[in-house]
Amino acid sequence: MHEKIIILDFGSQTTQLIGRRVRELNAYCEIAPYNKFPFGDESVKGVILSGSPFSVNDAEAFKADLSEIRGRYPVLGICYGAQLMAQSAGGAVEKSDTREYGRARLHVVDGDDPLLGFIRRESQVWMSHGDTSTRIPDGFRVIASTVDVALAAYRIEDEKTWGVQFHPEVFHTEQGTGILDNFLAVCGVKKNWTPASFIETTVRELKEQLGDDKVILALSGGVDSSVTAVLLNKAIGKNLTCIFVDHGLLRKNEFETVLENYEHLGLNVIGVDAKAYFYKELAGVVDPERKRKIIGKGFIDVFDREAHKLSNVKWLAQGTIYPDVIESFSITGVTIKSHHNVGGLPEKMHLKLCEPLKLLFKDEVRKIGLELGMQPHLIHRHPFPGPGLGIRILGDITPEKVRIAQEADDIFITNLRAAGLYDKVWQAGAILLPVQSVGVMGDERTYENTIALRGVTSTDAMTADWAHLPYEFLAKVSNEIINKVKGVNRVVYDISSKPPATIEWE
């Protein structure tokens, strides 16, 4: 069992980011709801208290009894976490006359403090708070300040307990990684969380968990399911059967290309051509949510049918990753998302669930894939939605519309790769709009379809900015689509960010 840091989640948007930063420092950590501390787990070496959307003075604020944690483990409170410790120790936290949002200059008062040792006396930090501590409890010592906040960082005497008002996990805090690293040193946690150690441990655990049982896996062609497949193949070999369903809404030549890639990896893959079935089910359906449900149900039905052709299958493997797990437990009691990549299958087929990546962040999954020897082009692929082009063709779906969307998308993606821009974009694709407009080709009037190109930059898909692709590049792609894709006479580029828009159009 890995030694670990527990991050207690009080609802902050950056809780996952704290986890990623700790993992980047090769220390293992897990995120737990603020009211579910794993008492009795002897592998816990330290605790981080996250920020929160609430003020500690709000009636609905998330509160935790810290008396059994403080003094027993090293503790680092961040923003709300720091104020909660101060308030629960008898200090006063009140609305500030000067709210701090954004960059601030931190002045380190105590350069010998273990948390702020090796940190520059003056540096930039990222603040995001409307409250401030107006009365410091007994035993609390100020170790850093900003112009507007006297208690920007504190230490509790005779304890390995600290609070910082700023966010060390955020990129804009210049010394943030160093501060977190100092905290890990105080905790004495082993920094042995590496891709190689994860693979070694997981393969051993999978062999113990699965024995000689048969396992099936739904492949999508994406990173998560592909890495899951290769990891399982390393552990149980021929006892793994992968099923790859072509619902007719994949990228151009995707079905053949993916099957070829998997063959090179030595995987046992069954490819299922179900295009006709899905086109029939989707005929005339315009509503985006209905389309998603039809595609999801159709996938389950096809997968179930294929799986029943196999004998003695006991497990369903899925490429669930840690953000999926975190979003599935909501600290407010309301689930944010239900996450089963092939929802309903385990229950329907009476199978046990195997999710070997469920403790990994997306960037860690990619590192694991590379460590497993997978080709970079498989690992660094753009995300592609489960319903595929079904949500990139606005309105009803027909084979002819799929052809147009596939060909336009192929030109866009091929040009991104050729121009060296593919890896600078998080996600890109072509959307076929239910809009026709007048054009001129040769001397003839046309009345044809419009393609919208969508390219975004992001780190986690929670927020995204439109990719500022060069005009010359967009002009080339537009010209090529209009000249080569029959049925298109106009191309536009989507310059909406998320929020308020979403990455996909439906």
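Draft legend 1. Expanded view of the pairing of strand β13 (residues 313-317). Sheet topology note: the strand β10 (residues 214-219)/β13 ladder contains 4 bridges and is parallel. If you follow Lys 214 over to β13, its bridge partner there is Val 313. Pairing analysis gives 3 bridges linking β13 to strand β14 (residues 352-354), with the strands arranged parallel. Among the inter-strand pairings, Trp 315 is bridged to a residue of β14, identified as Lys 352.

Draft legend 2. Geometry of helix α14 (residues 471-484). When the terminal C-alpha atoms of α14 are compared, their 20 Å separation across 14 residues agrees well with the 20 Å that a helix rising 1.5 Å per residue should span. For α14, the full list of buried residues reads Phe 473, Leu 474, Val 477, Ser 478, Glu 480 and Ile 481. Projection of α14 onto a plane perpendicular to its axis shows the buried side chains occupying an angular sector of 165°, all on one side. When the buried face of α14 is taken as reference, the exposed residues oriented beyond 90 degrees from it are Tyr 471, Glu 472 and Asn 483. The inward-facing, buried residues of α14 abut α13 (399-418), β16 (444-457) and β18 (488-493).

Draft legend 3. Spotlight on the side chain of Ser 123. Checked against the element boundaries, Ser 123 lands in strand β6 (residues 122-135). With a relative accessible area of 1%, Ser 123 lands in the buried category. In contact with Ser 123, not counting residues within four places along its chain, are Ala 104, Arg 105, Leu 106, Glu 174 and Gln 175.

Draft legend 4. Highlighting the side chain of Asp 110. Structurally, Asp 110 can be placed in the loop between β5 (92-108) and β6. Polar side-chain contacts of Asp 110 include one of 3.0 Å to the backbone nitrogen of Asp 112. A distance of 2.7 Å separates polar atoms of two side chains, one belonging to Asp 110 and the other to Arg 141. Dropping the residues within four chain positions of it, Asp 110 is found in contact with Leu 116, Arg 141 and Ile 143.

Draft legend 5. Expanded view of the state of the cysteines. Summed over all chains, the structure comprises 0 disulfides. In this structure Cys 29 is not part of a disulfide, and its nearest cysteine sulfur, from Cys 187, lies 11 Å away. Under the relative-accessibility criterion, Cys 29 is labelled buried at 0%.

Draft legend 6. The packing of helix α4 (residues 195-210) against helix α11 (residues 362-371), seen in detail. Remark: α4 packs on α11, axes separated minimally by 9 Å, with the N-to-C direction vectors making an angle of 75°. When the interaxial angle is binned, α4 and α11 end up roughly perpendicular. Of α11, the residues touching α4 (which contributes Pro 195, Ala 196, Phe 198 and Ile 199) are Lys 367, Ile 368 and Glu 371. Here the residues of the contact of α4 with α11 sort into 5 nonpolar, no polar and 2 charged.

Draft legend 7. Geometry of the packing of helix α7 (residues 275-282) against helix α8 (residues 288-307). Contact pair α7 / α8: the axes reach a minimum separation of 10 Å and the direction vectors enclose 145°. Considering only the axes of α7 and α8, their crossing is right-handed. Note on element contacts: α8 touches α7 through Lys 291, Ile 294, Ile 295, Gly 298, Phe 299, Asp 301 and Val 302, opposite Tyr 277, Phe 278, Glu 281 and Leu 282. Residues that form the contact of α7 with α8 fall into these classes: 7 nonpolar, 1 polar and 3 charged.

Draft legend 8. Representation of the confidence of the model for the chain within the structure. With 92% of its residues at a pLDDT of 70 or more, the chain has an overall mean of 88. Confidence over residues 332-340 falls short of pLDDT 50; this stretch has 13 contacts with residues more than four positions distant or in other chains.

Draft legend 9. Molecular detail of the pairing of β10. Most of β10 sits out of view: 5 of its 6 residues are buried. A crossover connection joins β10 to the parallel strand β11 (residues 240-246) through helix α5 (residues 223-236); in handedness this β-α-β unit is right-handed.

Thresholds, definitions, all that
Residues numbered from 1 in each chain as written. Predicted model: local features only at pLDDT ≥ 70, side-chain atom pairs only at ≥ 80, totals over all residues. Heavy atoms only, no water. Pairing = 2+ DSSP bridges. Helix = DSSP H or I, 4+ residues; strand = E, 2+ residues; numbered from the N terminus. Expected span 1.5 Å × (residues − 1). Buried < 20%, exposed > 50% of the residue type's maximum accessible area, 1.4 Å probe, protein only. Arc of directions from axis to C-beta. Contact = heavy atoms within 4.5 Å. Polar contact = N/O pair within 3.5 Å; in protein donor to acceptor, adjacent residues only side chain to side chain. Disulfide = S-S within 2.5 Å. Axes fitted to C-alpha atoms, helices over the stretch in contact; angles between N-to-C directions. Parallel < 35°, antiparallel > 145°, perpendicular 65-115°, else oblique. Nonpolar A, V, L, I, M, F, W, Y, C, P; charged D, E, K, R; others polar. Left-handed = near helix turned anticlockwise from the far one by under 90°. pLDDT = per-residue confidence, 0-100. Right-handed = clockwise from strand over helix to strand, strands pointing away.

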